[in-house]
Amino acid sequence: MGKTLFEKVWDAHVVAQDEGAPAVLYIDAHLIHEVTSPQAFAMLRERGLKVRRPDKTFATMDHAIPTRSVDIELWPSDAATQVRTLRQNCKDFGITLWDIDGPVQGIVHVVGPEMGVTQPGMTIVCGDSHTSTHGAFGALAFGIGTSEVGHVLATQCLLQKKPKTMAITVDGELGKGVTAKDIILAIIAKNGAGGGAGYVFEYRGSAIRKLSMANRMTICNMSIEGGARAGMIAPDETTFEYIKGRPYAPKGEEWERAVAYWRTLATDEDAVFDRELKLDASELQPMVTYGTNPGQGVPITGRIPYPEELEDPAERRSLISALEYMGLKPGQPMEGQPVDIVFIGSCTNSRIEDLREAAAIVKGKKIADHVWGIVVPGSKSVKAQAEAEGLDRIFIEAGFEWRGAGCSMCLAMNEDKAGAGKYVASTSNRNFQGRQGPGARSLLMSPIMAAAAAVKGRVVDVREMLN
Amino acid sequence: MQPFTTLTSTAAPLRMENVDTDQIIPAQYLTAVTKEGMGKGLFSWIRYNPDGTPKPDFVLNKPEYQGAQILIAGRNFGSGSSREHAVWALTDYGFRCVISPGFADIFYNNSLKNGLLPIVLPEEVVNLLWDLVEEEPETLLHIDLRSQTVTLPDGQQHSFAIDPFRKLCLLEGVDDLGYLLSKEEAIAAYEARPRWT
C-alpha cells in the first residue's frame, strides 16, 4: 500500500521507536519567539544543558512587541523583559536572532518561509499553535508547548505519538471574491472547531493546486482552528518557485537533489487516509464568523442559526453563550452588521498578496468615519515591499494606520487592543472571547472582506464591490 | 514533575464547551519569564469583574468548590493557543486532573508534561458527573491512574484510556527529557545521514 505525504515525512524522521513508547522524532527546524521560550531556556540552565543544534534554531520577536516604532529599552512594559531575555538567550546559546532592531524581523510564520528556512519534507516546530502554517510547503509542522521547546533545544527531538490522517479535497473553481480564507473558514464550519483533534489534515484537489504559496499558508495556518495540529499540502512547481533563491534555500547541485527528493513526497495514488472530507469550491461564498469559536461561521448571504435548530445540546449551549457575548441575535443576517474596528494582519493574512488584495478594495476610497482601521504587515520585508509598491499610501490615504511588523491585535498582547463590546472585522484566525482585547467581539473574514467592511462601516458582500 | 498515582477530591463543574487557552489564561499573563503564580490569572475573564472583584456565579468563586482538585469541563477543552501557561495556571491554582469528553491535542500533551492528568470520558458520563457534583458539591471522586478508573462514592466506576508510556511517566513523575537524552547515539547516527534521499 502506498503512503500519504504525512506518512512519508513522518517515517523519514523517526530516530528511534521503542516498543510501547512514542516515536523519537527528529526536528529539522525549530523556530522560537519571546513569549514561549524563556522558561525553556531556564530549564536548560537548571539542568546544565546546551542547545544541541543552534544552526537549526531560529528566533524572532513578534507576539508581545509594539508595532509602533519605539525604543525597546525605554519601553515601559513587561514585554521588554521578554525581548531582553530572548536577546540574552540567543547570545548565550549561539542562536540566530531576527531582532526587531534588524532588517529581517516579523511574525515567525511569515519570516520562516520568507527566509527559505521552511522547506518541503521537513519537520518544523515552534512554541506557537500556528506553526501549522509551514505545512503549506509539504512540511510536517506543528505547535508545541514550552516543555517541548526545551526538549527540542536540548535534543533536537520530540517524543510523539503518530497522529491519524484526514484528506480534505477541494475541487472546482472558486468564484469571484472567494478566497483561501473562505475555503478554510468553510472547512472549519463544516467539520467543527474540534473536528480535527488527533488528525493531520492534507489539503488536496484542483482548487488547492491553483493557490499561491501565500494562500496555501492561509489555509494550513488555520488547521489548528479546525482542531488539527498540522495541515499539509504536497509541494509542486509553485512551492519550488517560491523557495528558489531564498537565503536558506539549497543552492546549485544541492538544489537539484533537493527538488528531486521533494517531488517524491506527494501522496501515492493507492494511499489510504483515516478520514476524508470533500468540498466543492464553486459552491463557496465569502465567509464571516458570528460566534466565539472559529467553527461558528456562515456564508455572507447566510444568517446566524437558531439554537433550536441544533440537535446537540452542547452545540446549543455553545451557541447561546457565544451570541450573548457577541451581542448578536439568532436568525440575524451577518450582512449589514456594523463594525467599529478593522484589523488587517496576523500570521493568517499579512503577506504581500493579502495586502495587495485589500489595498485594491480601498484604493481611492475612505474608510467609514466611525471605523478605526489598522494594517500590520507580517514582516519587515512585507512592509518594505508594500511601501515600494505604494500600498502604504493607499491604506494611509484611506484612513488606516500603517504599522510595523508583529502579531498585534490578533492576540492583543501589546497595546493594539480592541475595546470591550467593539466589533472587529479581522483577518486573523481566532474569534475567542477577549482574544483581541477584553470584551472585544471578533468577526473573522478574508482581507478583501475586511477591507470592504472598513469602507462601508459594516459587514458587506465584497463581491458587490468587485468589477 | 509531581508523580500522579491516586487522587481523592471534590470536583468543580465547568459546564462549558470549547474552553480555549485564551479563556484559561489570557494573553496579559503571558509576559512573565517564569512559570510561578499563574493561578491568579486562571479563567480571569470569567472569574473576575473588570474591577477585579470575583464574579459570585462563577464556579471557582463558589464556597462549595473551594479546594477542588478536579475540573470537569465540556468538549474540546484547551483549544487554540499552544501556551503551556494554561496548564501552569491550572496546576498553580491547585488542579491535578481535568475530566472532559475531549481535549485539544497540544493542551493534552502539555498537561502530561506537568503532572496534570487529562481524563477523557464519554459525554454522557461527563453530563452525569456534572449533575452529581452540582447537586452534591461535597461528592468525592476517586481517581486511580494505575487501574485507569474514576470511582464515584456509590461504587460506580468509569475506566479511561491513556497511552502506557505516558501513564508510566506520570506514575513515576519523570518527563520526556531523560528518555530523549538517553537516545544520544541514535540521534547522532540520524544526523550523520545524507539529506534529500
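The rules behind the values
Residues numbered from 1 in each chain as written. Chains lettered and ligands numbered in written order. Predicted model: local features only at pLDDT ≥ 70, side-chain atom pairs only at ≥ 80, totals over all residues. Helix = DSSP H or I, 4+ residues; strand = E, 2+ residues; numbered from the N terminus. Buried ≥ 20, exposed ≤ 12 C-beta atoms within 10 Å, placed from the backbone. Contact = placed C-beta atoms within 7 Å. pLDDT = per-residue confidence, 0-100. Axes fitted to C-alpha atoms, helices over the stretch in contact; angles between N-to-C directions. Parallel < 35°, antiparallel > 145°, perpendicular 65-115°, else oblique. Left-handed = near helix turned anticlockwise from the far one by under 90°. Pairing = 2+ DSSP bridges. Nonpolar A, V, L, I, M, F, W, Y, C, P; charged D, E, K, R; others polar. Core = buried A, V, L, I, M, F, W, Y, C linked by C-beta atoms within 7 Å.

A word on the overall build of chain B
Along its length, chain B carries eight helices and eight strands. Overall size of chain B, expressed as C-alpha extent along the three principal axes, is 60 × 45 × 30 Å. Looking at chain B as a whole, 42% of its 197 residues are labelled buried. Summarising the internal contacts of chain B: among those between residues at least 6 apart in sequence, 70% fall at separations of at least 24.

Here we look at the environment of cysteine 347 of chain A
All names here are of chain A. Along the polypeptide, cysteine 347 turns up in the loop between strand 15 (341-344) and helix 12 (352-362). A residue is classified by how many C-beta atoms lie within 10 Å of it, and cysteine 347, with 27 of them, is buried. For cysteine 347, the residues in contact, after removing those within four places along its chain, are Ile107, His109, Val110, His130, Thr133, Asn221 and Gly378.

Topic: the confidence of the model for chain B
Summing up the model confidence of chain B, the mean pLDDT is 96 and the portion of residues at 70 or higher is 100%. Interface confidence for the predicted complex, expressed as ipTM, amounts to 0.97; the pTM equals 0.97.

Considerations on the packing of helix 6 (residues 180-191) of chain A against helix 8 (residues 213-221) of chain A
Residues and elements named next belong to chain A. Relative to each other, helix 6 and helix 8 sit at 20 degrees, their axes nearing to 8 Å. Looking at the two axes, helix 6 sits roughly parallel to helix 8. Seen from above, helix 6 lies across helix 8 with right-handed handedness. Residues Ala180, Lys181, Ile183 and Ile184 of helix 6 pack against Asn215, Thr218 and Ile219 of helix 8.

Remarks on the sheet that holds strand 5 (residues 117-120) of chain B
Residues and elements named next belong to chain B. Ordered in space as 2-3-4-5, the four strands form an open sheet in which the pairing is parallel. In this open sheet, the two edge strands, each paired with only one partner strand, are strand 2 (11-14) and strand 5. On average, each strand axis in the sheet is tilted by 20 degrees relative to the strand beside it, whichever way the strands run. Two elements, strand 4 (residues 97-100) and strand 5, share four bridges in a ladder whose sense is parallel. Counted as the bridge partner of isoleucine 99 is isoleucine 119 from strand 5. Contacts from helix 5 (residues 123-135) reach strand 2, strand 3 (70-73) and strand 4, with the element oriented near 115 degrees to strand 2.

Section: the sheet that holds strand 2 (residues 23-26) of chain A
One open sheet holds the three strands; their spatial order is 1-2-8 (chain A), and the pairing between them is antiparallel. The outermost strands of the open sheet, each flanked by one partner alone, are strand 1 (14-16) and strand 8 (157-160) of chain A. Strand-to-strand twist across the sheet, computed as the mean angle between neighbouring axes with direction ignored, equals 45 degrees. Contacts between helix 8 (residues 184-191) of chain B and the sheet are confined to strand 1, strand 2 and strand 8 of chain A, with strand 1 of chain A contributing the most and set at about 145 degrees to the helix.

Description of the interface of chain A and chain B
In this assembly, 54 residues from chain A lie in contact with 44 residues from chain B. Only strand 1, strand 2, helix 2 (38-47), helix 3 (78-93), helix 5 (146-155), strand 8, helix 10 (252-262) and helix 11 (313-326) of chain A provide two or more residues apiece to the side of chain A that touches chain B. Its residues assigned to classes, the side of chain A that touches chain B shows 24 nonpolar, 22 polar and eight charged.

Thoughts on the nonpolar core
Counting 206 residues, the largest nonpolar core has Val342 and Val362 of chain A together with Ile72 of chain B as the members making the most contacts within it. It is helix 15 (residues 447-456) of chain A that provides the largest number of residues to this core, a total of eight residues. Once residues lying within four places of it in the same chain are set aside, the contact partners of isoleucine 72 of chain B are Ala11, Ala12, Pro13, Leu14, Ile99, Val126, Leu129, Trp130 and Val133 of chain B.

A closer look at the environment of valine 111 of chain A
All names here are of chain A. Examined against the element boundaries, valine 111 turns out to sit in helix 4 (residues 108-114). With 25 C-beta atoms counted inside 10 Å, the residue valine 111 sits in the buried group. Between the alpha carbons of valine 111 and threonine 218 there is a distance of 14 Å; along the sequence they are 107 residues apart. Ignoring anything within four residues of it in the chain, the contact list for valine 111 reads Thr60, Trp98, Val104, Gly106 and Ser379.

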